[in-house]
Amino acid sequence: MNDPVRTAMIGLATGEDEVAVVPLEVADRHRALAEELREHRWNYYILDAPTVSDEIFDSLFHELEEIERRYPALVTPDSPTQVVGPPPSATFAAVRHPSVMLSLDNAFSPEEVRAWHHRLVGAVGEDEVAQSGYLCELKIDGLAVDLLYEDGALVQAATRGDGRTGEDVTANVRSIDVIPRRLTGAPRGRIEIRGEVFMPLQGFADLNARLVAEGKKVFANPRNAAAGSLRLKDPKLSAARPLSFLCHGVGLTDIAFERLSEAYERMAAWGLPVSDQIAPAATIEEVLAYIDDLGRRRHDLSHEIDGAVVKVDVVALQQRVGQTVRAPRWAIAYKFPPAEVTTRLLDIRVGVGRTGRVTPYAVMEPVVVAGSTVEMATLHNASEVERKGVLIGDTVVLRKAGDVIPEVLGPVLALRPADARAFVMPQQCPACHTRLAYEREGDADLRCPNARSCPAQLRERLFHVGSRSALDIEGLGEKAVDALLSAGLLVDEGDLFTLTSDRLLTTDFFTKEIPVDDPQWTGEGRRKKISRTVLTENGTKLLAQLEAAKTKPFARYLIALSIRHLGKGIAPALAARFSAIDALRAADAETLMTVDGVGPQLAEAILDWFTVEWHADIVERWRQAGVVCFQPGAGEAAGERASAGESVEPILAGLTIVVTGTVPGYSRTEATEAIIARGGKAAGSVSKKTDFVVAGDNPGSKYTKAVDLGRPILDSDGFAILLAEGAQGAKRWLDETDH
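Small disclaimer: the values here were computed from a predicted structure and weren't measured.

**Student:** A description of the overall build of the protein chain should follow, citing residues and the corresponding values.
**Tutor:** Summing up its helical and strand segments, the protein chain has 27 helices and 24 strands in all. Its C-alpha atoms give the protein chain principal-axis dimensions of about 100 × 80 × 60 Å. The buried share of the protein chain, reckoned over its 739 residues, is 49%. The long-range share in the protein chain, meaning contacts at least 24 apart out of those at least 6 apart in sequence, stands at 65%. Per element, the accessible surface of the protein chain, about 35,600 Å² overall, is 51% carbon and sulfur.

**Student:** Please give an account of the sheet that holds strand β24 (residues 713-714) that cites residues and values.
**Tutor:** The strand order across the open sheet built from four strands is β22-β21-β23-β24, with neighbouring strands paired in parallel fashion. If you trace the sheet from one side to the other, it starts and ends with β22 (681-683) and β24, each paired once. Sheet analysis places strand β23 (residues 692-695) next to β24, joined by two bridges and oriented parallel. Paired with Val 694 across the strands is Leu 714, a residue of β24. Docked against the sheet, helix α26 (residues 701-709) engages β21 (656-660), β23 and β24, running at close to 135° with respect to β21.

**Student:** Would you mind going over the sheet that holds strand β5 (residues 134-140) in detail, with residue names and values included?
**Tutor:** Here we have five strands laid out as an open sheet, ordered β4-β13-β12-β5-β11, and mixed in their pairing. The open sheet has two edge strands with one neighbour each: β4 (106-107) and β11 (279-281). Sheet topology places β5 next to strand β12 (residues 305-312); seven bridges connect them, and they run antiparallel. Note on β12: the bridge partner recorded for Glu 137 is Val 309. Lying over the sheet, helix α4 (residues 110-124) contacts β4, β5, β12 and β13 (331-335), oriented at roughly 175° with respect to β13. Contacting β5 and β12, helix α10 (residues 260-270) crosses the sheet at an angle of about 55° to β5.

**Student:** Explain the confidence of the model for the protein chain to me, and be specific about the residues and the numbers.
**Tutor:** Looking at the protein chain, pLDDT values average 85 and 90% of them are 70 or higher. In this model, residues 13-17 is a region of pLDDT below 50 whose contacts with residues beyond four sequence positions or in other chains number three contacts. Predicted confidence for residues 637-648 stays below pLDDT 50, and this span has 15 contacts to residues more than four positions away or in other chains.

**Student:** How would you summarise helix α7 (residues 201-213) if you had to cite specific residues and measurements?
**Tutor:** Spanning 13 residues, α7 covers 19 Å between terminal C-alpha atoms, matching the ideal 18 Å at 1.5 Å per step. Turning to α7, its buried residues are Gly 203, Phe 204, Leu 207, Asn 208, Leu 211 and Val 212. Once α7 ends, the next one or two residues include Gly 215, with phi positive near 75°.

**Student:** Can you tell me about the packing of aromatic side chains, naming the residues and giving the values?
**Tutor:** In total, this model carries eleven aromatic pairs according to the counting rule given. Note on Phe 257 and Trp 270: the rings are 6.5 Å apart at their centroids and 55° apart in plane angle, and the pair reads as tilted. Note that Phe 257 is positioned in the loop between β10 (244-253) and α10 and Trp 270 in helix α10, a separation of 13 residues in sequence. For Phe 257, a relative accessible area of 11% gives the class buried. Residue Trp 270 is classed as buried on the basis of its relative accessible area, which comes to 4%. Taken together, the aromatic side chains of Phe 497, Tyr 557, Trp 622 and Phe 630 make up a single cluster linked through ring pairs.

**Student:** An account of the nonpolar core is requested, with residue identities and associated values reported.
**Tutor:** Ranked by size, the top nonpolar core spans 59 residues in total, and within it Phe 497, Tyr 557, Leu 574 and Phe 630 carry the most contacts. When contributions to this core are tallied by element, the ones reaching two or more residues are α14 (455-465), α15 (478-486), α17 (537-549), α18 (554-560), α19 (571-578), α20 (581-586), α22 (600-611) and α23 (613-624). When sequence neighbours within four positions are dropped, the list of residues in contact with Phe 630 reads Phe 554, Tyr 557, Leu 561, Ile 581, Val 619, Trp 622 and Arg 623. Among the nonpolar cores identified, the runner-up in size contains 38 residues, and Tyr 149, Ala 226, Met 267 and Trp 270 belong to it.

**Student:** Explain the packing of α19 against helix α25 (residues 668-677) to me, and be specific about the residues and the numbers.
**Tutor:** Contact geometry of α19 with α25 gives a least axis separation of 8 Å together with a crossing angle of 45°. Looking at the two axes, α19 sits oblique to α25. Two packed elements cross with a definite hand, and for α19 against α25 that hand is right-handed. Residues Pro 572, Ala 573 and Ala 576 of α19 pack against Glu 673, Ile 676 and Ala 677 of α25. Taken together, the residues that form the contact of α19 with α25 break down as five nonpolar, no polar and one charged.

**Student:** Explain the pairing of strand β9 (residues 190-198) to me, using residue names and the numbers behind them.
**Tutor:** The buried fraction of β9 is high, at eight of nine residues. Inspection of the sheet shows β9 paired to β10 by seven bridges, in the antiparallel sense. By the bridge assignment, Glu 196 is partnered in β10 with Leu 246.

**Student:** So what's going on with the pattern of salt bridges? Residues and values would help.
**Tutor:** Under the defined criterion, the tally for this structure stands at 40 salt bridges. The salt bridge involving Arg 459 is made with Glu 478; its shortest N-O contact spans 3.4 Å. Of this pair, Arg 459 sits in helix α14 while Glu 478 is found in helix α15, placing the two residues 19 residues apart along the sequence. Look at Glu 478 and you get partly exposed, because its relative accessible area is 41%.

**Student:** Give me α19: which residues, what numbers.
**Tutor:** With seven of eight residues buried, α19 is to be regarded as a mostly interior element. Taken together, the buried positions of α19 are occupied by Ala 571, Pro 572, Ala 573, Leu 574, Ala 575, Arg 577 and Phe 578. Looking at the residues trailing α19, positive phi occurs at Ser 579, about 65°.

**Student:** Could you give an account of the pairing of β23, naming the residues involved and the relevant values?
**Tutor:** Here β23 shows two buried faces, one formed by Phe 692 and Val 694 and the other by Val 693 and Ala 695. Note: β21 against β23, four bridges, orientation parallel. Following the sheet pairing, Ile 657 is matched in β23 by Phe 692. Chirality of the crossover, the property in question, places the unit of β23, α26 and β24 among those that are right-handed.

The rules behind the values
- Residues numbered from 1 in each chain as written.
- Predicted model: local features only at pLDDT ≥ 70, side-chain atom pairs only at ≥ 80, totals over all residues.
- Heavy atoms only, no water.
- Helix = DSSP H or I, 4+ residues; strand = E, 2+ residues; numbered from the N terminus.
- Buried < 20%, exposed > 50% of the residue type's maximum accessible area, 1.4 Å probe, protein only.
- Contact = heavy atoms within 4.5 Å.
- Areas by Shrake-Rupley, 256 points an atom, 1.4 Å probe, with all protein chains shown as cover.
- Pairing = 2+ DSSP bridges.
- Axes fitted to C-alpha atoms, helices over the stretch in contact; angles between N-to-C directions.
- pLDDT = per-residue confidence, 0-100.
- Expected span 1.5 Å × (residues − 1).
- Phe/Tyr/Trp six-rings, centres within 6.5 Å; stacked < 30°, edge-to-face > 60°.
- Core = buried A, V, L, I, M, F, W, Y, C linked by side-chain atoms within 4.5 Å.
- Parallel < 35°, antiparallel > 145°, perpendicular 65-115°, else oblique.
- Left-handed = near helix turned anticlockwise from the far one by under 90°.
- Nonpolar A, V, L, I, M, F, W, Y, C, P; charged D, E, K, R; others polar.
- Salt bridge = Lys/Arg side-chain N within 4 Å of Asp/Glu carboxyl O.
- Right-handed = clockwise from strand over helix to strand, strands pointing away.

This is the structure:
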């Protein structure tokens, strides 16, 4: 029989003639976690085919760390917490690194970064840390590589492997254009350059498209593509892949550096690629500001990152702080909330947009990504589905592009089920059953040609009219649009301004019953209780908002018309030039293209829109309903100038202006429109080329950067002067108010 105590506990020798008692279920969980993590590491580092997301791996790893913290006797030299990565594969020769190549400890919150800072201060003192300062850089999502240069010549390149021994990939690394085979002006001696091999996003998309065309397996993400490309047996094949490289440190070196920032400067001078996103930070608050700013613009970069890395700058202090068996104590990686997760693709369906474009979209098992639950993601068109290589039933990698739009990156091929099936694009519109067609030969998108009457297109156009970027009619949401269409109150968007309280009273969505007293007496001496139908608050609000929309600026109406390719970015510039519908309709293609941002494609789309009879009918019905910018003669002067080819000279022409915070009297969209309408450029980030920064209430990091760069900063009063008088007026206001 089993000993009941033995069943519940096991004894582990501690090395000091003592036995640590560990619950059996804890030991079993520890063993299972260690085995699972080793398998995941092998799939990730060696096979370049991970079967779980980074989030799941990190969760398992931290669970193992917590178990070993509570029960130190479970820690063994081969535990995943004690080693950097798996041993090298047999495909390439194993090479020993001149110095150990460590991993990094992770932080997942600002509090954990602060805790790391406090540990440093506790270890070496606050003055030492302050005198050193920090260096902040990108955590590139690629493959760590060690480059060994001797007397300026590249003699060896190896993957990190287990930290001591990696794979010899020298021949393949030599094929990467940005990595110099010989350093320019480097002193004699040996130096290890540590960095990351990665694949830019555009290169990744192009590579997968080529693999699909060749009938080969695609990569799930750029990191796997970079690792797989670097491990190709034939260096010529690696050379054909769009690989790149950025430095992120130094190993063994015969060349002395006092600071890591100095090392980066020397590397750049020698011709090595160094990121332009590296920034010093004097305090932990500046570190957190860097992380916050990077998190907001992470998807603006040309390559993938999954966080930021913070390092002590002074090399001597790095050496004093030291390292653990797997990571330096003088550096930490801050990992952003996972932008990539895996989930199961249940189906691929199609939707019809407001311009008739038929778009496949993925229906998935719900999964949390970047803080919200996602169960649908666009797949753009049939060619994109084929390019990504996804089948219905696959486990897929999902990310949020810009942390907003869900996007399927590709399949996890190792988990593909036997019954996975390919998507077949329908031949008929799912909403009106009209046969789908390409407008022109070579188009990527199928469209439903039943533009006016297709229920799906009409619904999307109506919803778009009420959107914040168009007429901003809050009451015209999805449920309201569905109710109006179901009741037959709208043939198309031209009927919007014909809605009245009497017409809305015919729909259940906009009405309610209220009790009233009948003037007649009942036989028992009481009044009859009856009810009458009245508009709900939603109904009265919709009518009020429709009335107010009639005076909206022309730029908003340009967006509301659903002219293809015409969005909120270009509408203010068009409105500033033409100012009303008749002026725009009178312009030819050549005149349209004199507006900054209008090319042949958009000019053709505008001209085509006005040739459609029912489009002209919408304009006429909105004109009759009292829409101001559609009235006869509105914008007549601008129309005459446009016809004559004369240019309107905006007051902010040539200026780049950034708005941060909430400016009293303006929404963010309205402030941007005001700048663009006067010829200025409304930029999203501050640089040395920024002419003015408009700082409203609660400005963000853009304000701090403007101060650091010495750019002129205007408050709401200064913004009003800028809009009225241009740059000279704003500069005079700054001088007079001592800003």
